[in-house]
Each structure stands twice: as structure tokens, then as C-alpha cells.
2 protein chains.
Amino acid sequence: MKVLSKTSEYGLRALLFMVGKRQEQEYINIREMSEQLDISFHFLTKILQNLTQAGMLTSYRGPSGGVAFNVSPDNILLIDVIRLLEGDDFFEKCLLGLPGCGEKAPCPMHRFWGEIRGALRQEFESTTLAQMGESVLKSRLRLVP
Amino acid sequence: MKVLSKTSEYGLRALLFMVGKRQEQEYINIREMSEQLDISFHFLTKILQNLTQAGMLTSYRGPSGGVAFNVSPDNILLIDVIRLLEGDDFFEKCLLGLPGCGEKAPCPMHRFWGEIRGALRQEFESTTLAQMGESVLKSRLRLVP
DNA sequence: AAGTTTTAAGAGTATTTTATCTTAATTTAA
DNA sequence: TTAAATTAAGATAAAATACTCTTAAAACTT
């Protein structure tokens, strides 16, 4: 069950990494981060660029440059990240991929799927990046393969 | 949120279609089904071939041939279909795509995601094709875009 | 038996997603 | 002020997924 694209996987991992580091270092070097997380540098750069352009991050070029949070991760919900990286219709889609599926013309899976999707959204809407990120520090949770 | 591949989407839609038709017609013509459901004939044929080889369906060639249930849809769970079309590891995967993620080295999303995934699996494990398919007949639920 | 219909199987093509390469712009530091 | 480091941006390439085409095999119809 692949729910997130690589873009979101990498983006979330990078953000969680940044949450863990933000005490010691405000701007995080993308090259270093890409090496630590074993993610393609150019690909990661592009993902973080999107988050920067959307205002979630801020960036600085040149030596000792990098990206930093523009909004406190206490105020960033997981759903915000996913909406930015996957698009606004992320939680709207029909399980069977039927474009016309909705309340008016529901597919056989509509109600069934709506309940599951609702639970998932509920979780994503009530969890902040900071909450998720703290657990990386407290326990020995891993961000790296 | 694209959870299923096109293969599974098409396969499920076809099976639900067959459930709805099985009273009047045992063997369902793939060509006709592909037209009714607006799915590429060759692609659908291949998907149904897999289900036939796996023993879920049985097929008949020649005029008035087609595919029919080899197992009663009362005894087919949604999870059976998904396991066949998506692979056995469908419900095992990490949300962040980390290959090493598991109880021993959980990623930050591990528990969070495990709960959602469990609820989803529970639903797929306790719903039969027949149950899902009956609703297509009883109400005016749609299988077609 | 011949011709037609239909599923089976594999090769080939197209589209989308993921990843890389190259060049430019910005900033620091010597 | 020059060189090095770093993000920005766009073009290109590789890989995965989705789809199509062609030929074969089986079964029916006449």
C-alpha cells in the first residue's frame, strides 16, 4: 500500500530530520541532510524548494546556507505537508479511481472507503510536525534505511 | 491518496460487475465487460488472467466464452483480491518508505501508521465481494465513470 | 471440416514518476 | 575582488507503471 509519493516520503523525512536538529542549528545544509538521509541531493533540493516557495521553509544561499523553518513546526500539521506535496485532492479520491464518484453517484466502495479515509485525515489533522519529530529524539526511532 | 494500482482498481470493478451479473449469466464476456466499464480490453484481459491462474476465476474460450467465479463471491474477501493483484506485502509497508522500518527499528510514523493500517486491513478482511457487490444491485451505486 | 469468436501470452509502446545533470544566482570568506 | 560554497531552476534521462498490438490456442457454429 503505497500511500505517499517519493516526494512526500522524502519531504516528511527531511522535515522530521530538521525538527530534530533545530535546537543546535537553525539553517540545515541540504547536501549534508541528503547524505545523512540517503536521498538524492537534487531531488531533495527540489522538494524543499517547493516548501520554501509555499512559505513553510525559508532558505539561504552560499556557504553555511541551507533551509530553516519559516513557521514553527509546532504550528505545522502533517496534513499541511501532505497537502503541499501531494495536492489538495489527496483525501478526496475514490478507491476505485472513478472520476464521477461522490455523494450523488457513489461507487460501491464509497461509504466503506470514506470511513477509513476520515480516520486517516483525522490523524493527519491532529498531529504536528513537532510532535512527530520529538519522538525521533526521545526514543531511538530511525529516519534512515 | 492513490492506494490501489490501476490493476487493482480495474480488477475490483470487474469483479463487482460480475457479482451483479452472475444471476443472469455465469460466464461474463470480457470484451463486453471492458466496454461497459470503459476499461481497455487487453489490459482487463490480463488482469483477469491473473485471477484465473490464481484459481479465483475460471475461463472459457470461444464464442459465448468468458470468465466466471471459480470460488463463490461469498467466500472471497476484498483482501484476497488485493493480495492477488497488489502482492502479499500490501499491508506491511512503511508510510515513509523506509525498508528497515519495523518493530525493531520503527520510523517516527510507525505506530501512528500501524493503527490506521490495521483498521483498513480489518475492513478488507471482514468484507466479502458478494456483500460489496450486492449493494451495486440494491442501490443505484455506480461502477462506471 | 472451415470459419468465426473468444481467451491466452508475450512483445512492444506510451505515459508518469523518479532521479540526474547542467547552468545560473546568491552569499561568504580569504 | 576573486574563489568557493550553496540553493534555484530548468532540461534531460532512467525506471516504473499503464496500456496496446500481434499472434496463438481453444471452442463454438454452420
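Structural data are supplied above this passage.
This structure is a prediction, so every number in the text was calculated from the model and none was measured.

S.K.: Explain the layout of surface pockets here, please?
M.R.: Residue and element names in this part refer to chain B. Approximately 270 Å³ is the volume found for the largest pocket. In terms of lining residues, the largest pocket is bounded by 14 residues, among which Ile 30, Thr 45, Ser 59, Gly 66 and Val 67 are the most central. Elements supplying a minimum of two residues to the lining of the largest pocket: helix H2 (30-37), helix H3 (41-53), strand S1 (57-60) and strand S2 (66-69). If one sorts the elements of the lining of the largest pocket by residue count, H3 sits on top with five residues.

S.K.: How should the relation of the copies chain A and chain B be read in this particular structure?
M.R.: Note that the two copies of the chain are related through a rotation about an axis and a translation along the same axis. Superposition record for chain A on chain B: RMSD 0.1 Å, screw rotation 180°, translation along axis 0.0 Å. Such values leave the two copies arranged in the relation of a two-fold axis. Taking C-alpha positions as reference, the residue of chain A nearest the rotation axis is A:Val3, located at 2.7 Å. Taken together, the interface assignments show that 100% of the residues at the interface of chain A recur at the interface of chain B, consistent with an identical surface on both copies.

S.K.: Please explain the interface of chain A and chain B as it appears in this structure.
M.R.: You'll often see interface size given as the accessible area lost when the parts meet. Contact residues are listed per partner, giving 40 residues for chain A and 40 residues for chain B. Between chain A and chain B, a total of about 3,800 Å² is buried, with carbon and sulfur atoms accounting for 76% of that surface. When the buried area of chain A at its contact with chain B is split by residue, A:Met1, A:Pro108 and A:Phe112 rank highest and sum to 22% of it. Mapped onto the side of chain A that touches chain B, the elements with two or more residues apiece are helix H1 (6-21), helix H5 (110-125) and helix H6 (129-138) of chain A. Counting residues per element, the side of chain A that touches chain B draws most heavily on H5(A), at nine residues. Its residues placed into classes, the side of chain A that touches chain B shows 29 nonpolar, three polar and eight charged.

S.K.: For this particular structure, what's the right way to read the packing of aromatic side chains?
M.R.: How two aromatic rings sit relative to each other is set out by the distance from centre to centre and by the angle between their planes. One pass over the structure, following the stated rule, counts 10 aromatic pairs over all chains. Aromatic pair A:Phe124 and B:Phe112: ring centres 5.3 Å apart, planes at 75°, arrangement edge-to-face. Residue A:Phe124 is found in helix H5, and its partner B:Phe112 is found in helix H5 (residues 110-125); the two belong to separate chains. Of the residues examined, A:Phe124 reaches a relative accessible area of 1% and is grouped as buried. A network of ring pairs unites the aromatic residues A:Phe90, A:Phe91, A:Phe124 and B:Phe112 as a single cluster. When the ring centre of A:Phe41 is taken as origin, the NZ or CZ atom of A:Arg31, which lies over that ring, is 3.8 Å away.

S.K.: Sorry if this is basic, but what is going on with the protein's contact with DNA strand C here?
M.R.: Among the 27 residues in the neighbourhood of DNA strand C, the closest are listed as A:Ser40, A:Phe43, B:Ile30, B:Gln53 and B:Ser59. Backbone sugar and phosphate groups make up 65% of those atoms of DNA strand C lying within 4 Å of the protein. One of the side-chain nitrogen or oxygen atoms of A:Tyr10 is found 3.2 Å away from a phosphate oxygen of DNA strand C. Interatomic distance of 3.1 Å between a side-chain N/O atom of B:Lys46 and a base nitrogen of DNA strand C. At the level of elements, H1 and helix H3 (41-53) of chain A together with H2, H3 and S1 of chain B are the ones that each hand at least two residues to the surface near DNA strand C. Sorting elements by how many residues they give to the surface near DNA strand C places H3(B) first, with four residues. Counted by class, the surface near DNA strand C contains eight nonpolar, 12 polar and seven charged residues.

S.K.: Just to check I follow, could you spell out the packing of helix H2 (residues 30-37) of chain A against H3(A) for this structure?
M.R.: Helix-helix packing: each pair is described by the crossing angle between the helix axes and the interaxial distance. Residues and elements named next belong to chain A. It is at 9 Å that the axes of H2 and H3 come closest, and there the two elements cross at 120°. Classified by the angle their axes make, H2 and H3 are oblique. Read as a crossing pair, H2 and H3 show a hand that is right-handed. Across the interface between the two elements, Ile 30, Arg 31, Met 33 and Ser 34 from H2 touch Phe 41, Leu 44, Thr 45 and Leu 48 from H3.

S.K.: Which parts of the structure should I look at to understand empty space enclosed by the protein?
M.R.: Rolling a probe over the atoms, with the probe sized like a water molecule, indicates the empty space that remains. Under the defined criterion, the tally for this structure stands at one cavity of 30 Å³ or more. Roughly 40 Å³ of volume is contained in the largest cavity. Contributing to the lining of the largest cavity are A:Met1, A:Val3, A:Trp113, A:Ile116, A:Leu120, B:Met1, B:Val3, B:Trp113, B:Ile116 and B:Leu120. Among the secondary structure elements, those contributing two or more residues to the lining of the largest cavity are H5 of chain A together with H5 of chain B. The residue makeup of the lining of the largest cavity, split by class, is 10 nonpolar, no polar and no charged.

The rules behind the values
Residues numbered from 1 in each chain as written. Chains lettered and ligands numbered in written order. Predicted model: local features only at pLDDT ≥ 70, side-chain atom pairs only at ≥ 80, totals over all residues. Heavy atoms only, no water. 1 Å grid on protein atoms, 1.4 Å probe; cavity = no way out; pocket = protein on both sides within 12 Å on 5 of 7 lines; lining within 4 Å. Points joined across faces, edges and corners; volume = space filled by probe spheres on them. Helix = DSSP H or I, 4+ residues; strand = E, 2+ residues; numbered from the N terminus. Least-squares fit on C-alpha atoms with pLDDT ≥ 70 in both. Contact = heavy atoms within 4.5 Å. Buried area = accessible area lost by both parts, 1.4 Å probe. Nonpolar A, V, L, I, M, F, W, Y, C, P; charged D, E, K, R; others polar. Phe/Tyr/Trp six-rings, centres within 6.5 Å; stacked < 30°, edge-to-face > 60°. Buried < 20%, exposed > 50% of the residue type's maximum accessible area, 1.4 Å probe, protein only. Lys NZ or Arg CZ within 6 Å of the ring centre and 35° of its normal. Near = heavy atom within 4 Å. Polar contact = N/O pair within 3.5 Å; in protein donor to acceptor, adjacent residues only side chain to side chain. Axes fitted to C-alpha atoms, helices over the stretch in contact; angles between N-to-C directions. Parallel < 35°, antiparallel > 145°, perpendicular 65-115°, else oblique. Left-handed = near helix turned anticlockwise from the far one by under 90°.

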